[in-house]
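A closer look at the structure
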Amino acid sequence: MRAIWKGAVSFGLVSIGVKLYSATEEKDIRFHQVHRDDGGRIRYKRTCSVCGEEVSYDDIAKGYDLGGGELVILTDADFADLPLTSSRAIDVLEFVPAEQVDPILYNKAYFLEPEGTATKPYVLLRDALADSERVAIVKVALRQREQLATLRVRDGVLLLNTMLWPDEVRTPDFGFLDEDLKVRPPELAMAASLIDSMAGEFQPDAFTDDYRAALQEVIDAKVEGREVVQPAEEEAAPAAAVDLMAALKASVERARVARGEAPSGGVGEPTPISSARSAKQTAKKTTAGRATAKKTTAKKAEPAKKAEPAKKTAAKKTTEKKATRTPAKKTAEKKAAPRRSA
C-alpha cells in the first residue's frame, strides 16, 4: 500500500505522527471507450463553449452557478484563504459510544500507521480506545475539505472513518409514512419466526460478486478465443404476495428446509410450498405407478401370444385322434346290433 497523506493525531497534549492509507478498494472492472471498428481510444478535448478553443489545465478555474446563466469564478487564491485549521492534523474532539453513531454517516475508511518514533503513543491511544469501548470523534482536512470522522480499532490498527455531515443525509419523504397501516399480531409473530429461521452469523467471505465474476469470465473467454458458456438463468422473483400470512408461513418453511431442518408437517395448516410439494410428489408416484402397470401388462400379454400356436396344434391333434377312432367305433356298433335284437 502507498500512503496518501501524512500528518498527526492530536490527542490532548500528545501528538502522534501517522501515515494514512486507503483501507478499501473497489473491484469494479473498468473499460475504455473505443472505436468499434478499429479499437482506437476515444479522447475528449476540453473546449470553451464561448470561444471554441481548447483549454489547458492551467487555464481552468472553478465556477459556481448562480442561476440564470451567471457564474462566480473562484481561483486557487480564493481557496487558499478558507479557514482550514490545518491540512496535516487529526484533532480528537470527544469520545462517544459506538452505537450512537448512525452507520448512514460513514463514508470512506483509512488505516493509520505510526510514523517514526510515534509507535508507543500510537499503541497507547489504540489500547485505551479499545478498553473504553468508545470511538473518537475527530476533524480532519482531506483533499481541501474539512471532514468529520471517527477513530476506532480494527485488527490492532487505528481506523479512520470519514463521515457525512448531518445536512448531507436526506430525510425520507414517502406517502406511506402518513398512512395508518395496522399490522396484526399473528403476522408480526410469523415475521419474527421467519427472522429466527433465517438467523445466522455474518461472514463476509461467504458472499461474492457474481456479476463481476461472470463478466471476468466473458473477458477471459474473449482473450483465449474460446466459446463463452452461457451462465444458468436465475430463478424468477416470486410474485407479490396477496395473502401476507400465507407468504410468511411459506417463507418460514422454505428457510427451515434450506437449513436442513424438518418441515413443520402436521402443525397447523399446510403452507403453499408444502401443498405444492405434496401435489408434485403425488403426481410423480401416480405417473410411475401407471408406467409400471403398463410394463407388467405388456409382459403378461407376450407369453399369451406365444402360447397361441401351441393351442392350435393341440386342437389339431385332438381332431385327428377323434378322426382315427371313428371307424373302429362304427364296427363295434355294427357287431353289437344283432346281439341286441336276439
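Below is a summary of the structure that appears in this document. (Residues numbered from 1 in each chain as written. Predicted model: local features only at pLDDT ≥ 70, side-chain atom pairs only at ≥ 80, totals over all residues. Heavy atoms only, no water.)

Let us now look at the side chain of Ser197. By the element assignment, Ser197 lies in helix 3 (residues 185-197). Assessed through its relative accessible area of 10%, Ser197 is described here as buried. Within the structure, Ser197 has its side chain in polar contact with the backbone oxygen of Leu194 (distance 2.7 Å). (Helix = DSSP H or I, 4+ residues; strand = E, 2+ residues; numbered from the N terminus. Buried < 20%, exposed > 50% of the residue type's maximum accessible area, 1.4 Å probe, protein only. Polar contact = N/O pair within 3.5 Å; in protein donor to acceptor, adjacent residues only side chain to side chain.)

Looking now at a nonpolar patch on the surface. A surface patch of nonpolar side chains, amounting to about 540 Å² of accessible area, comprises Tyr64, Leu66, Val72, Leu74, Phe79 and Leu82. Mapped by element, the contributors of at least two residues to the nonpolar patch are strand 3 (62-67) and strand 4 (70-74). With respect to the element layout, Leu74 can be found in strand 4. (Patch = residues over 30% accessible without salt bridge, like charges linked within 9 Å, V, L, I, M, F, W, Y side chains within 5 Å. Areas by Shrake-Rupley, 256 points an atom, 1.4 Å probe, with all protein chains shown as cover. Salt bridge = Lys/Arg side-chain N within 4 Å of Asp/Glu carboxyl O.)

Here Glu187 lies in helix 3. For Glu187, a relative accessible area of 12% translates into the label buried. As for Glu187 and Met245, which are separated by 58 residues in sequence, their C-alpha atoms are 5.9 Å apart. In this structure Glu187 touches Leu244, Met245 and Leu248, once residues within four positions along its chain are discounted. (Contact = heavy atoms within 4.5 Å.)

Quick look at the pattern of salt bridges now. Applying the stated criterion across every chain, the model contains nine salt bridges. With a shortest N-O distance of 3.4 Å, Lys27 and Glu25 are connected by a salt bridge. Among the residues examined, Lys27 registers a relative accessible area of 48% and is labelled partly exposed. By relative accessible area, Glu25 is classed as exposed at 60%. One salt bridge connects Glu168 with Arg145, and the closest N-O pair in it is separated by 2.5 Å. Taken together, the residues Glu168 in the loop between strand 9 (157-163) and helix 3 and Arg145 in strand 8 (residues 145-154) connect sequence positions 23 residues apart. Here Glu168 falls in the partly exposed class, since its relative accessible area comes to 35%.

Further remarks concern the side chain of Asn161. Secondary-structure assignment places Asn161 in strand 9. With relative accessibility at 7%, the residue Asn161 sits in the buried group. At 3.3 Å, the side chain of Asn161 forms a polar contact with the side chain of Arg152. Setting aside residues up to four positions removed in sequence, Asn161 forms contacts with Tyr106, Lys108, Ala109, Leu148, Ala149, Thr150 and Arg152.

By size, the foremost hydrophobic cluster in this structure holds 21 residues, and its most contacted members are Val9, Val18, Ile90, Leu112, Val138, Leu151 and Leu160. Of all the elements in the fold, those that place two or more residues in this core are strand 1 (5-11), strand 2 (14-22), strand 5 (89-97), strand 6 (106-114), helix 2 (119-132), strand 7 (134-142), strand 8 and strand 9. Top contributing element to this core by residue count: strand 7, with four residues. Val96, Leu105, Val135 and Leu148 belong to the second-largest nonpolar core, a separate cluster that totals seven residues. (Core = buried A, V, L, I, M, F, W, Y, C linked by side-chain atoms within 4.5 Å.)

In this section: the packing of helix 3 against helix 5 (residues 244-258). Packing of helix 3 against helix 5 brings their axes to within 9 Å, and their N-to-C directions diverge by 20°. By the angle class used here, helix 3 and helix 5 are roughly parallel. Crossing handedness for the pair helix 3 and helix 5: left-handed. Residues Pro186, Glu187, Met190, Ala191, Ser193, Leu194 and Ser197 of helix 3 pack against Leu244, Met245, Leu248, Lys249, Ser251, Val252, Ala255 and Arg256 of helix 5. For the contact of helix 3 with helix 5, a count of residues per class yields nine nonpolar, three polar and three charged. (Axes fitted to C-alpha atoms, helices over the stretch in contact; angles between N-to-C directions. Parallel < 35°, antiparallel > 145°, perpendicular 65-115°, else oblique. Left-handed = near helix turned anticlockwise from the far one by under 90°. Nonpolar A, V, L, I, M, F, W, Y, C, P; charged D, E, K, R; others polar.)

What follows covers the packing of aromatic side chains. A full pass over the atoms with the stated rule returns three aromatic pairs. With centroids separated by 6.0 Å and ring planes inclined at 85°, the aromatic side chains of Phe11 and Phe95 adopt a geometry described as edge-to-face. With Phe11 in strand 1 and Phe95 in strand 5, this pair connects stretches of sequence that are 84 residues apart. The exposure class assigned to Phe11 is partly exposed, which follows from its relative accessible area of 26%. A relative accessible area of 33% means that Phe95 is categorised as partly exposed. Measuring from centroid to centroid gives 6.4 Å for Phe174 and Phe176, while their planes differ by 15°, and the two rings are stacked. Among the residues examined, Phe174 registers a relative accessible area of 49% and is labelled partly exposed. A cation over a ring is seen here: Arg46 above Tyr57, with NZ or CZ 4.0 Å from the ring centre. (Phe/Tyr/Trp six-rings, centres within 6.5 Å; stacked < 30°, edge-to-face > 60°. Lys NZ or Arg CZ within 6 Å of the ring centre and 35° of its normal.)

Just geometry here; none of it tells us what the structure is for.
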